[in-house]
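Residue-level structure breakdown
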Amino acid sequence: MADRELQLAERNRLLMDAVERLPEDQRTIVILKELDGMKFREIADLLQISENTAKSRLYVGLKNLKQILTQQRLIKEMYYEE
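Only a predicted model underlies this, so the values are computations on that prediction, with no experimental measurement involved.

Reading the values: rules and limits
Residues numbered from 1 in each chain as written. Predicted model: local features only at pLDDT ≥ 70, side-chain atom pairs only at ≥ 80, totals over all residues. Heavy atoms only, no water. Helix = DSSP H or I, 4+ residues; strand = E, 2+ residues; numbered from the N terminus. Buried < 20%, exposed > 50% of the residue type's maximum accessible area, 1.4 Å probe, protein only. Contact = heavy atoms within 4.5 Å. Areas by Shrake-Rupley, 256 points an atom, 1.4 Å probe, with all protein chains shown as cover. Core = buried A, V, L, I, M, F, W, Y, C linked by side-chain atoms within 4.5 Å. Phe/Tyr/Trp six-rings, centres within 6.5 Å; stacked < 30°, edge-to-face > 60°. Lys NZ or Arg CZ within 6 Å of the ring centre and 35° of its normal. Patch = residues over 30% accessible without salt bridge, like charges linked within 9 Å, V, L, I, M, F, W, Y side chains within 5 Å. Salt bridge = Lys/Arg side-chain N within 4 Å of Asp/Glu carboxyl O.

Before going further, it helps to examine the overall build of the protein. Helix and strand counts for the protein stand at four helices and zero strands. Walking the protein from its N terminus toward its C terminus, one meets helices and strands in the order α-α-α-α. Buried positions account for 23% of the 82 residues belonging to the protein. Contacts spanning at least 24 positions in sequence make up 55% of the contacts within the protein whose residues lie at least 6 apart. For the protein, the computed accessible surface area is about 6,400 Å², with 53% contributed by carbon and sulfur atoms.

In C-alpha cells, the structure reads:
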C-alpha cells in the first residue's frame, strides 16, 4: 500500500509541475475548469472573457499539458535507465 501511495504522490507532483509550466492564461483556465469544476460561463464571467476564448484556452492548455507530461515521462524513463 505504501508503494501505491508513493506512486500517486509522484504522479500528482508531476502533474502539478506540468500545470505550473503552462502559460498563465492556460494554467488559470485548466485549474478553474478541471480542478475547481467551474462551468465555462462562470470562468468567462470571472476572467471577463468570452466563453469561446475560455474553451479555446482550455483546449490549447490541455494539449500543451499532454505534451509536457509526455516529455516528463520520457525524461524520467531516460533518467532511470542509466
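What follows deals with the environment of proline 23. By the secondary structure assignment, proline 23 is in the loop between helix H1 (2-21) and helix H2 (24-35). Classification of proline 23 by relative accessible area gives partly exposed; the value is 39%. Sequence separation between proline 23 and asparagine 64 is 41 residues, and the spatial gap between their C-alpha atoms is 9.4 Å.

To continue, consider the nonpolar core. Generally speaking, nonpolar side chains in soluble globular proteins are found buried as a group. Residues Leu22, Ile29, Ile43, Ile49, Ala54, Leu58 and Leu65 are the most contacted members of the largest nonpolar core, which totals 15 residues. If you list the elements that add at least two residues to this core, you get H1, H2, helix H3 (40-47) and helix H4 (51-81). When residues in this core are grouped by element, the largest group, four residues, is from H4.

Evaluation of the coordinates by the stated rule reveals zero aromatic pairs. The lysine or arginine in question, lysine 33, covers the ring of phenylalanine 40, its NZ or CZ lying 4.7 Å from the ring centre.

This brings us to a nonpolar patch on the surface. Taken together, the side chains of Leu15, Met16, Leu35 and Leu69 present a nonpolar region at the surface, about 310 Å² in accessible area. Locating leucine 15 in the fold gives a position in helix H1. We classify leucine 15 as partly exposed; its relative accessible area is 32%.

To continue, consider the side chain of glutamine 26. Residue position: glutamine 26 is located in helix H2. Aside from chain neighbours lying at most four places away, what touches glutamine 26 is Arg57, Val60, Gly61 and Asn64.

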